Amino acid sequence: MTTVASGLEVSLAMSQIELDLNVVMPEILMAIFGMLLLVFGVIRGKNSLRLVSYGSAIAMVFVAYMVLNLPVEQENAFQGLFVNEWFSSFMKVLILMGSVISIFLSLNYLENNNMNRFEFPILILFSTLGMMIMLSANDLMTLYMGLELQSLPLYILAAFKRDNLKSSEAGIKYFVLGALSSGLLLYGISLIYGFTGTTSFETLSQTFASDENISIAVIVGLVFIISGLIFKISAVPFHMWTPDVYEGSPTATTAFFAIVPKIAAMGLIIRILFGAFADLIEQWQQIIVLVSILSMLVGAFAGIVQDNIKRLMAYSSIGHIGYALVGVAAGSIDGVRGVIIYLTIYMIMSAGVFAVILSMKKNDRMVENISDLSGISKSNPAMALLMTILMFSMAGIPPVAGFFGKLFIFQAAVESGLYTLAVIGVLTSVVAAFYYLRIIKVMYFDAFEDKFDKIQGKSLATIMTISGIFALCFIISPDILFSTASEAAQSLWAE
Amino acid sequence: MIISTIVFYALAGVLILSSMMVITSKNPVHSVLFLILAFFNAAGLCVLLGAEFIAMLLVIVYVGAVAVLFLFVVMMLDINFKDLQSGFKKYMSVGGLVGGILLAELIVIYSSWSFSKSAPENIKFKTPDITELSNTEALGRILYTDNLFLFQIAGLILLVAMIGAITLTLRTRDGVMKQDVSDQVNRKREDVVKIVKVETGTGVA
């Protein structure tokens with residue numbers, strides 16, 4: 001009898017692991033693709049960048065398809081370490097799209113700047129895998145592992161131009177500060193684990209809901225966790241690395257930094273705050289409100305004095321993260337929906353802007369000062385027009401896409417009674433509009449100096465055009481994004 | 001009972017002293033050696049707590065690998081530590097302030113520490129009785145089964161670290177003399193030897 005029973009147990013256990021593996025199938029496939037491409041690149045040696053890049057892009061598109069069409073009903077896997085719901089699937093598809101775009105943005109740049117190494121797309125792929133795991137994290141341990149898998153490739157990518165002092169400096173700086181923030185995060189996690197005895201998000205939220213006396217250690221732990229995560233989205237006061245890393249890294253890497261990782265980290269912040277710490281909203285709301293105000297202020301005022309366009313984009317991203325955090329601070333479904341819409345629009349806009357930055361090339365050299373754009377409306381009218389649309393969108397001026405992002409965020413903030421936050425948001429976006437409009441002014445009204453080299457390949461021009469058209473035509477049918485974002489936000493509350 | 005208390009204070013005292021020496025000693029080699037001493041004492045504390053697996057890990061990984069690596073790096077690199085220490089006084093006030101705040105936080109946290117009521121039920125994997133199951137076996141049982149997913153991600157992180165180390169440092173240099181056996185075997189006489197008829201008094205052109 002006993003043998004029969006244990007045999008039954010074994011077969012049950014087998015089927016459980018099979019079910020679990022089905023839930024993480026997209027991630028497994030992604031890892032396998034990454035390793036296969038790595039082996040392919042190593043065997044083929046030099047000049048495999050293009051093939052490996054195409055391979056990674058195809059792999060990511062395939063994985064995105066898998067994410068949308070998971071064959072199983074089950075949502076949890078590995079005893080609640082990992083969870084899939086519509087929110088995480090939506091965000092995963094978004095970051096996969098962003099990574100594919102960054103791979104296409106980087107190709108020509110890497111080939112022309114002596115960085116023709118196939119590891120670039122592979123590192124992007126592994127980083128994206130880490131982000132996917134982060135977005136599905138349902139346990140503090142999964143969160144940490146995903147975060148590390150996401151960050152480590154980013155440090156390497158920042159230092160990818162290894163003969164360049166600035167790039168190496170960016171890599172080291174990012175690595176040291178990133179390690180520090182991981183340390184803070186881990187310390188926070190250990191305090192929370194010490195108080196509650198669990199790392200699972202579900203058990204944590206049950207504990208906080210039932211327990212009257214929340215120890216001060218939990219608050220400190222929460223602050224540490226938020227600090228660690230805020231570093232990853234480069235919100236003030238943990239933003240110091242951003243301008244230096246954006247400026248020092250090779251522009252292809254900067255494009256990836258601007259487009260993808262922040263979206264994943266923001267998704268993770270939403271997951272953990274609304275999942276594990278939903279009942280401590282009074283505690284974290286004030287932190288998020290403060291961080292959001294500071295980010296909006298720094299993003300708006302420090303951006304004004306920048307000459308380098310990559311640095312400017314760094315401050316612009318700090319500001320945009322501040323706006324997105326307004327939606328998190330609202331603490332409601334509408335707020336989360338606003339964040340999702342905002343991040344989607346922001347991702348597509350910054351892809352377009354970086355396509356423009358990557359085509360700023362004079363006499364075979366990349367240039368990156370704002371003054372280099374002067375008068376290019378005469379030599380490159382199409383590019384200047386697209387950049388104008390994108391800048392209007394970044395500034396959040398009505399009919400273009402960026403306006404709707406801000407609208408929903410501020411609406412949610414007002415509904416939650418955060419009037420001060422909404423007012424500061426609107427005022428800082430007026431200040432920030434200065435530097436976006438200045439670029440337009442430089443392009444159209446300053447003296448024409450030197451024209452840009454012809455853009456190589458089709459990918460930059462295509463991405464620029466799609467992004468510009470998206471920003472302009474978003475108003476025609478915004479409902480598609482709105483309804484998807486609503487469903488995604490609601491799936492977080494469904495449990 | 002009294003013996004374990006004495007051992008605890010001895011280990012903890014040496015641990016704190018040696019970790020202070022790590023940051024104050026002038027010679028960096030001494031710093032690393034004090035670091036090793038600190039690791040050994042921490043391992044001793046772990047044994048005292050009944051966590052023999054972590055103690056052994058500390059000795060094997062930190063003492064055996066990390067600290068020895070540190071020692072090699074410190075000895076191989078020609079770093080002027082005087083220069084590194086020159087900014088010490090300038091940053092002392094800021095660093096001291098941050099450290100002081102963190103210390104005050106720690107004191108506040110641990111002086112008012114309490115466990116959640118539901119903490120005992122929340123624990124997913126309880127520490128088994130040491131007489132039935134050793135720590136190592138207990139960890140092995142959950143590491144490769146329940147936490148398989150996390151274990152595999154850890155593997156991926158190490159893979160990425162390897163890719164990074166190679167990408168950032170590997171260069172193919174020109175002019176390096178390398179023996180290629182198949183090249184040597186395939187060499188033909190015609191490719192390398194030329195017979196020149198030299199006329200008297202002209203020399204080889």
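Residues numbered from 1 in each chain as written. Chains lettered and ligands numbered in written order. Predicted model: local features only at pLDDT ≥ 70, side-chain atom pairs only at ≥ 80, totals over all residues. Heavy atoms only, no water.

Draft legend 1. Representation of the overall build of chain B within the structure. Along the backbone of chain B there are ten helices and zero strands. Scanning chain B from its N terminus toward the C terminus, one meets helices and strands in the order α-α-α-α-α-α-α-α-α-α. In chain B, once contacts between residues fewer than 6 apart in sequence are set aside, the share between residues at least 24 apart is 51%. Only carbon and sulfur atoms are counted for the fraction: they give 69% of the accessible area of chain B, which is about 15,900 Å². Separation of charge centres in chain B, based on 16 positive and 15 negative side chains, amounts to 9 Å. (Helix = DSSP H or I, 4+ residues; strand = E, 2+ residues; numbered from the N terminus. Contact = heavy atoms within 4.5 Å. Areas by Shrake-Rupley, 256 points an atom, 1.4 Å probe, with all protein chains shown as cover. Lys, Arg positive; Asp, Glu negative; His and termini not counted. Charge placed at Lys NZ, Arg CZ, Asp CG, Glu CD.)

Draft legend 2. Seen up close, the overall build of chain A. Broken down by element type, chain A carries 21 helices and four strands. What you see for chain A is a C-alpha radius of gyration of 23 Å, in line with the 23 Å of a compact globule of 495 residues. Principal-axis analysis of the C-alpha atoms places the extent of chain A at approximately 90 × 60 × 45 Å. Counting only residues that meet the buried cut, chain A has 62% of its 495 residues in that class. When contacts within chain A are restricted to residue pairs at least 6 apart in sequence, long-range pairs at least 24 apart make up 82% of them. If you sum the accessible surface of chain A, you get close to 17,900 Å²; carbon and sulfur atoms cover 66% of it. (Rg over C-alpha atoms; globule rule 2.2 N^0.38 Å. Buried < 20%, exposed > 50% of the residue type's maximum accessible area, 1.4 Å probe, protein only.)

Draft legend 3. Layout of the pattern of salt bridges. Residues and elements named next belong to chain A. A complete count under the given rule lists 13 salt bridges over all chains for this structure. Between Lys362 and Asp372 there is a salt bridge; the shortest N-O distance is 3.9 Å. Note that Lys362 is positioned in strand E3 (residues 361-362) and Asp372 in the loop between strand E4 (365-366) and helix H16 (376-379), a separation of ten residues in sequence. Given the relative accessible area of 8%, Lys362 is considered buried. (Salt bridge = Lys/Arg side-chain N within 4 Å of Asp/Glu carboxyl O.)

Draft legend 4. Up close: empty space enclosed by the protein. Residue and element names in this part refer to chain A. For the structure on display, the rule yields five cavities of 30 Å³ or more. In this structure, the largest cavity occupies an estimated 60 Å³ of space. His320, Tyr323, Ala432, Tyr435 and Tyr436 are the residues nearest the centre of the largest cavity, which is lined by 15 residues in total. When residues of the lining of the largest cavity are traced back to their parent elements, those giving at least two are helix H13 (281-304), helix H14 (309-330), helix H17 (381-395) and helix H19 (419-445). Here the lining of the largest cavity gets five residues from one element, more than from any other, and that element is H19. Considered class by class, the residues forming the lining of the largest cavity number nine nonpolar, five polar and one charged. (1 Å grid on protein atoms, 1.4 Å probe; cavity = no way out; pocket = protein on both sides within 12 Å on 5 of 7 lines; lining within 4 Å. Points joined across faces, edges and corners; volume = space filled by probe spheres on them. Nonpolar A, V, L, I, M, F, W, Y, C, P; charged D, E, K, R; others polar.)

Draft legend 5. Representation of the interface of chain B and chain A within the structure. Tallying the contact residues gives 39 residues for chain B and 46 residues for chain A. Buried area between chain B and chain A, both sides added, is near 3,500 Å², and the carbon and sulfur share of it is 70%. Our enumeration of links across chain B and chain A arrives at one salt bridge. Note that A:Asp163 and B:Arg171 form a salt bridge whose closest N and O atoms lie 3.0 Å from each other. At the boundary of chain B and chain A, one finds nine residue pairs in polar contact (both at pLDDT 80 or more). Only helix H5 (88-111), helix H6 (119-122) and helix H8 (148-169) of chain B provide two or more residues apiece to the side of chain B that touches chain A. In terms of residue count, the dominant contributor to the side of chain B that touches chain A is H8(B) (16 residues). When the residues that make up the side of chain B that touches chain A are grouped by side-chain class, the tally is 24 nonpolar, ten polar and five charged. (Buried area = accessible area lost by both parts, 1.4 Å probe. Polar contact = N/O pair within 3.5 Å; in protein donor to acceptor, adjacent residues only side chain to side chain.)

Draft legend 6. Highlighting the environment of A:Leu147. Here A:Leu147 is to be found in helix H6 (residues 140-158). Sequence separation between A:Leu147 and A:Phe126 is 21 residues, and the spatial gap between their C-alpha atoms is 11 Å.

Draft legend 7. Main features of the packing of aromatic side chains. All names here are of chain B. Enumeration according to the criterion identifies 29 aromatic pairs over all chains in this entry. Geometrically, the ring pair formed by Phe39 and Tyr62 is tilted, given 5.1 Å between the ring centres and 45° between the ring planes. Here Phe39, found in helix H2 (residues 28-48), pairs with Tyr62, found in helix H3 (residues 52-76); they are 23 residues apart in sequence, far enough to count as distant. Considering the side-chain rings of Tyr110 and Trp113, the 5.8 Å spacing of their centres and the 20° angle between planes classify their relative orientation as stacked. (Phe/Tyr/Trp six-rings, centres within 6.5 Å; stacked < 30°, edge-to-face > 60°.)

Draft legend 8. Representation of the layout of surface pockets in the model. Considering only enclosed or pocket space, the largest pocket measures out at about 2,200 Å³ in volume. Lining the largest pocket are 41 residues; nearest its centre among them are A:Met141, B:Ile54, B:Leu139, B:Leu143 and B:Asn147. Counting residues per element, the ones that place at least two in the lining of the largest pocket are H6 and helix H7 (165-196) of chain A together with H3, helix H7 (135-143) and H8 of chain B. A per-class count over the lining of the largest pocket returns 29 nonpolar, nine polar and three charged. A domain split of the lining of the largest pocket shows at least three residues from each of domain 1 (1-83) and domain 3 (126-169) of chain B. Quantified by volume, the second largest pocket comes out at close to 790 Å³. Around the second largest pocket sit 28 residues that line it, and A:Arg117, A:Phe118, A:Glu119, A:Arg162 and B:Leu170 are the ones nearest its centre. Counting only elements with at least two residues in the lining of the second largest pocket, the list comes to helix H2 (25-44) of chain A together with H8 of chain B. (Domains from an automatic or database assignment.)

Draft legend 9. Looking closely at the side chain of A:Asp139. Residues and elements named next belong to chain A. Of note, Asp139 is situated in the loop between helix H5 (119-135) and H6. Side-chain polar atoms of Asp139 contact the backbone nitrogen of Met141, separated by 2.9 Å. Setting aside its immediate chain neighbours within four residues, Asp139 contacts Gly80, Leu81, Thr199, Ser200 and Phe201.

Draft legend 10. Region of interest: the environment of B:Gly140. Residues and elements named next belong to chain B. By the element assignment, Gly140 lies in helix H7. Exposure remark for Gly140: the relative accessible area of 24% places this residue in the partly exposed category. Residues Gly140 and Val22, 118 residues apart in the sequence, show an inter-C-alpha distance of 34 Å.

Draft legend 11. Layout of the packing of H6(A) against helix H11 (residues 251-259) of chain A. Residue and element names in this part refer to chain A. Packing of H6 against H11 brings their axes to within 9 Å, and their N-to-C directions diverge by 150°. As the angle between them shows, H6 and H11 are arranged roughly antiparallel. Listed contacts from H11 to Leu154, Leu157 and Ala158 of H6 are Thr253, Phe256 and Phe257. (Axes fitted to C-alpha atoms, helices over the stretch in contact; angles between N-to-C directions. Parallel < 35°, antiparallel > 145°, perpendicular 65-115°, else oblique.)

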